[in-house]
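Residue-level listing of the chains:
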There are 2 protein chains.
Amino acid sequence: MFAPFEAVASRLVDVAMGRGFADLVVRRARWVNVHSGEIIPDTDIAVVAGRFAYCGPDASHTIGPDTEVVDAAGRYAVPGLCDAHMHVESGMITVTEFCRAVMPHGTTSMFIDPHEIANVLGLPGVRLMHDEAAVQPVNVWVQMPSCVPSAPGLEEAGARVTPDDVREAMNWPQIIGLGEVMNFPGVASNDPTMLGVIAETRRAGRTVGGHYASRDLGRAFHGYVAGGAEDDHEGTRAEDAVARVRQGMKAMLRLGSAWYDVAEQIRAVTEFGLDPRNFILCTDDCHSGTLVHEGHMDRVVRHAIARGVKPVTAIQMATLNTAEHFKLEREIGSITPGRRADLLLVSDLPTLVIDEVYARGVRVAAGGRLAIEVPAHGAYPAAALDTVRLGRPLVAGDFTLRAPDGRNQVEARVIGVVENQAPTRSLRRTLPVVDGEVSGDPAQDVCRIALVERHRGTGGVVNAFVSGFGYGASCAMASTVAHDSHHMIVVGTEPGDMALAANRLGEIGGGVVFFRNGVEQALVEMPLAGLMSIERAEVVAAKTEQLIAAMRDAGCTLNNAYMQHSLLALAVIPALRITDRGLVDVERFESVPVFVDG
Amino acid sequence: MFAPFEAVASRLVDVAMGRGFADLVVRRARWVNVHSGEIIPDTDIAVVAGRFAYCGPDASHTIGPDTEVVDAAGRYAVPGLCDAHMHVESGMITVTEFCRAVMPHGTTSMFIDPHEIANVLGLPGVRLMHDEAAVQPVNVWVQMPSCVPSAPGLEEAGARVTPDDVREAMNWPQIIGLGEVMNFPGVASNDPTMLGVIAETRRAGRTVGGHYASRDLGRAFHGYVAGGAEDDHEGTRAEDAVARVRQGMKAMLRLGSAWYDVAEQIRAVTEFGLDPRNFILCTDDCHSGTLVHEGHMDRVVRHAIARGVKPVTAIQMATLNTAEHFKLEREIGSITPGRRADLLLVSDLPTLVIDEVYARGVRVAAGGRLAIEVPAHGAYPAAALDTVRLGRPLVAGDFTLRAPDGRNQVEARVIGVVENQAPTRSLRRTLPVVDGEVSGDPAQDVCRIALVERHRGTGGVVNAFVSGFGYGASCAMASTVAHDSHHMIVVGTEPGDMALAANRLGEIGGGVVFFRNGVEQALVEMPLAGLMSIERAEVVAAKTEQLIAAMRDAGCTLNNAYMQHSLLALAVIPALRITDRGLVDVERFESVPVFVDG
């Protein structure tokens, strides 16, 4: 455990006074001071015990024979960047591997919401992530997931989170608040579980994360605000950001792999002139590919600057503002005495060219590459690696749907995927019946979808139809990443391939697999809760690219095709979804049959 | 106890949604939004359970048959003002009376540091103030005093504060942090008590108040900063404010009865362009006269605006900035849902004309007058009213000083009062000897000073000489307000009058009294710990005016003559002071004899 301030305060004082020597001194830096909003040239920065001890014009008196001295030579000293809200699981990699991937990008603090693993493993899953978070070379705080299952009554996840769970978790050292309260209708209607988890968080003096995924800024919004959410990253329009800040919430602007919500909302600052102190940058979800090829928080800060935010202000939005929001202002978020010595040496400020990254005084990356060894997290408990329980081998017949007797065609509800959007359409299509069974119809771009129960080994399979993937070949893709309940979603044109794909994931403990004509084309193994690989980010990124290629070869031309697949069970976003209870109409929050004329 | 947010959240949601009715609705206000920095016209504000439930364009749906509706008619709705650091004892009145006095001035939150009573009564004294604070109609949080005694080794106060005391106090509901750590040399030299009280505060997650009363911004300053102080109100120059903010501290700018530190330091914002978010306004010390005749936080905000700060920014410095500093951002500091409904209706913003004051949704003042009944706090425990223990009746002979044998004059160290400054000079004067006893010398403006032990009834009296009061008449003034150890200081020209004055305070339990030619001229009774009156602020102000008049009539022309008197034992500010151990050279931190040639 990293020593708290009070355990090392006397050493900091000794160094500042010249009675003791620093471990590290950075000289002649341009100090990006997020408190004053200034950039102060010719600054020396002394570090001891992983914390800043002195920041000022001359640290000569702190330099001893064993002090490492780094000449910044006029480069900018920028506080380590913070990601205010994100899901490690979206990277398909472990906490440790995520840290490895983002350190070269200057991220030294993360606020992770392990909502996905909580849906699979419940509180023990959160604890698993928490304990891995606690031993990282960078700062990883954990938000306790608030809404498990996401759509109570419409799905059964692998676990449930109660107010009692939240109360317990608030005592864990890395827990920093409550994860996004996404059941916003529940808050506005005084759902006791929602108000209960918020109450436990407030009692513990922690920060309540929000998630208001609606364009309605009227009464429903005001009702949600009154319930106590303190931030929100679901806004997309400038007026969304304005409304949240006016109500005393922090507007979290996200730039993730598939989220592009900074450009519009930052206009609240750059055009409307709102005080920027209540704006915070985050990623929410980043795939391993984005981390490997594009960046992480550096990408977000760079983007905000490119949209017209003054560099120091954009950096505040990823450092001090975040730290204050989580009441960690004395620990992180600035280069000032007492704080953890998380610091970037930057050679160009507007484009944020990061030469070196220091975390707690240790040089962890340089020139875009990791500079330290970060061993894998060691063995995970068997329970976390054995979460795909099918109960029995599945066969082709599990993925067929019998038509009502005597029909040669049926009118079916079909989930309609919409390019580049999370919401689906609720379509109706007339489908052919062959030998008493309803089949998909390539001419209408309708194929099969199945939700396979995988938490309790019930052997349950729910079948329906989906449109938009464009599969022409005989193929199937299965994934145990199936937001938010994370059963298994299988989409395919051929029941035999669907059974092969499902069984393959059962065999390896989860992940994503693509079969074509009975042959495995691509596989990303994710044995940790069926959500995360235990391989390196580069390996996962490469395997994912192979998967995307296999989907494309089979006829799928969607952007983010893998994500579209994994969101088909997300019963909190309209319009039609599939869960272990069947098809769900997410506009009326009720189950509906596949066949309209059933 | 005022209900916490989580106990009433469902009611707030109900009101915001229109399912329940508000207690109070303010309509058509200009919303001074300290989060966004905007002023938003035509805003409705709904309050229930003492908290804001809805702030937006139309609160019609929250108005029921029993809702009180106030038409703001375009007036500004300003968050209730916060005093970030202050001593109730300086008002010479009780916590309750202080609240009565400041409510009409728009102060709805105070952060009080009961340092003075802690020097008299220790932890039980702090608890007394704490418990009275807890039941006020406005918000009074308490900072746990950190430095009792102020000058360990050079004085013995009525009590001591240890790290264990701090640990215990951090569990009390109104304790919000540690009071000003004024032993700044102790911090920089790693004094274990200083680092201990800071460590206990940090462990409790609370805010550490600072007090760096030096112009040296070099190594001594950096050493103090490294020790963990989070704010400072002792700066006087613009560069002091800049230095503190750059180091990650809050610059608290004070305007008290005798402190005028805003005008110079605010230039850091108005001229140098520093981010104003880390600037906070406070009063530190206000006499009852200031409260009655001039104002409180309204006076400070008005002054900041007059010095060129944008009104919304100046208001942030007395609302949101303060709330965030103490991690109370969800409780106070803005007019937004969930926060305590502390609100001012203001008819002119730059001059801050406060028409009405609401605290927790109750109209507590209007037109500069209190609008509610605030009963006195009831009986105080006997121990708190019986703190002046002289041990025996004092006589004139207790206030004389024998010369070394055979001398007809002596060279003596004399405390030199400096007009309008807290530091004294260490003078040397040749004084006459009459009948073997050293006397004062009106021709040199040297009179007698005595420190009378009053905590333990030892009967101890320390005698010396002071210059600067200008007393020509035969007179004496005694006060049990004698920072920081709060023994009794008696200054006079005639030992008989000195004995009369001292005995009078012993008889009534403390206060200030002035005798001339054996006759009492003025008296301010302060039976509560010998520091506070239990009368109304107006009464105390009038009695204090009478006291000042008596001093003036006897020849004293000093500004703030009463304060100069009460600071003569303050052994943490240079240069020469008197304590129960004798004369103290505060530059070398050691005791020195009265006679140079002993």
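For the structure itself, look to the data block above.
The shown structure was predicted, so the numbers you read here are calculated from the model rather than taken from an experiment.

Among the nonpolar cores identified, the biggest contains 165 residues, and Phe279(B), Leu281(B), Phe469(B), Tyr471(B) and Phe514(B) are the most heavily contacted of them. Per-element accounting of this core gives the leading share, 7 residues, to helix α1 (residues 5-17) of chain A. In contact with Phe279(B), other than residues within four places in its own chain, are Ala241(B), Val245(B), Ala251(B), Leu253(B), Gln265(B), Ala268(B), Val269(B), Leu274(B), Met317(B) and Asn321(B). Counting 164 residues, the second largest nonpolar core, distinct from the first, contains Leu178(A), Val269(A), Ala412(A) and Val414(A).

Okay, the sheet that holds strand β10 (residues 207-210) of chain B next. Two pairing modes exist for strands in a sheet, parallel and antiparallel, and in both the strands are linked by backbone hydrogen bonds. Residues and elements named next belong to chain B. The 5 strands lie next to each other as β6-β7-β8-β9-β10, forming an open sheet whose pairing is parallel. Two strands lie at the open edges of the sheet, namely β6 (81-86) and β10, each paired on one side alone. Within this sheet the neighbouring strands show an average axis-to-axis angle of 25°, counted without direction. Looking at chain direction, strand β9 (residues 175-181) and β10 are connected through 3 bridges and run parallel.

Quick look at unusual backbone geometry now. Cis geometry is adopted by the peptide bond preceding Ala575(A), which originates at Pro574(A) and carries an omega value of 0°. Summarising the element assignment, Ala575(A) is placed in the loop between α19 (561-566) and β28 (576-579). A cis amide bond, omega -5°, links Val148(B) with the succeeding residue Pro149(B). Considering the arrangement of structural elements, one finds Pro149(B) in the loop between β8 (139-144) and α5 (163-169). Non-glycine residue Asn517(A) carries a positive phi angle of around 50°. Here Asn517(A) shows up in the loop between β26 (511-516) and β27 (519-525). Residues other than glycine seldom take positive phi values, yet Ala529(B) does so here, at roughly 65°.

Right, let's get into the interface of chain A and chain B. Contact residues are listed per partner, giving 62 residues for chain A and 62 residues for chain B. Contact between chain A and chain B buries roughly 5,100 Å² in total, counting both sides, with carbon and sulfur atoms accounting for 50%. Of all residues in chain A, Arg246(A), Arg277(A) and Arg330(A) bury the most surface against chain B, accounting for 15% of the area lost on that side. Viewed at the interface, chain B and chain A are joined by 8 salt bridges. Notably, a salt bridge pairs Glu329(B) with Lys250(A), separated by 3.8 Å at the nearest N-O pair. Counting across the interface, chain A meets chain B through 31 residue pairs in polar contact (both at pLDDT 80 or more).

What follows is about the environment of Cys99(A). Tracing the chain through its elements places Cys99(A) in helix α2 (residues 95-102). Beyond its immediate sequence surroundings of up to four residues, Cys99(A) is in contact with Met110(A), Gln136(A), Val138(A) and Val140(A).

A few words now on α2(A). Counting buried residues in α2(A) gives 8 out of 8 residues, a clear majority hidden from the surface. Buried residues of α2(A): Val95(A), Thr96(A), Glu97(A), Phe98(A), Cys99(A), Arg100(A), Ala101(A) and Val102(A), and no others.

Moving on to the relation of the copies chain A and chain B. Here chain A sits on chain B after a turn of 179° about the axis and a move of 0.0 Å along it, with an RMSD of 0.1 Å. Put plainly, the chains are arranged around a two-fold axis. Scanning chain A for the C-alpha nearest the rotation axis identifies Lys327(A), at a separation of 3.4 Å. Interface overlap between copies: 100% of the residues of chain A at the interface are likewise at the interface in chain B, consistent with a symmetric, same-surface contact.

On inspection of all chains with the given rule, the structure shows 3 cavities of 30 Å³ or more. One number sums up the size of the largest cavity: a volume of about 300 Å³. The set of elements that each furnish at least two residues to the lining of the largest cavity consists of α15 (320-325) of chain A together with α15 (320-325) of chain B. Considering each element in turn, the lining of the largest cavity owes the most residues, 3 residues, to α15(B). Across the lining of the largest cavity, the residue classes break down as no nonpolar, 6 polar and 14 charged.

Rules and cut-offs
- Residues numbered from 1 in each chain as written.
- Chains lettered and ligands numbered in written order.
- Predicted model: local features only at pLDDT ≥ 70, side-chain atom pairs only at ≥ 80, totals over all residues.
- Heavy atoms only, no water.
- Core = buried A, V, L, I, M, F, W, Y, C linked by side-chain atoms within 4.5 Å.
- Buried < 20%, exposed > 50% of the residue type's maximum accessible area, 1.4 Å probe, protein only.
- Helix = DSSP H or I, 4+ residues; strand = E, 2+ residues; numbered from the N terminus.
- Contact = heavy atoms within 4.5 Å.
- Pairing = 2+ DSSP bridges.
- Axes fitted to C-alpha atoms, helices over the stretch in contact; angles between N-to-C directions.
- Buried area = accessible area lost by both parts, 1.4 Å probe.
- Salt bridge = Lys/Arg side-chain N within 4 Å of Asp/Glu carboxyl O.
- Polar contact = N/O pair within 3.5 Å; in protein donor to acceptor, adjacent residues only side chain to side chain.
- Least-squares fit on C-alpha atoms with pLDDT ≥ 70 in both.
- 1 Å grid on protein atoms, 1.4 Å probe; cavity = no way out; pocket = protein on both sides within 12 Å on 5 of 7 lines; lining within 4 Å.
- Points joined across faces, edges and corners; volume = space filled by probe spheres on them.
- Nonpolar A, V, L, I, M, F, W, Y, C, P; charged D, E, K, R; others polar.

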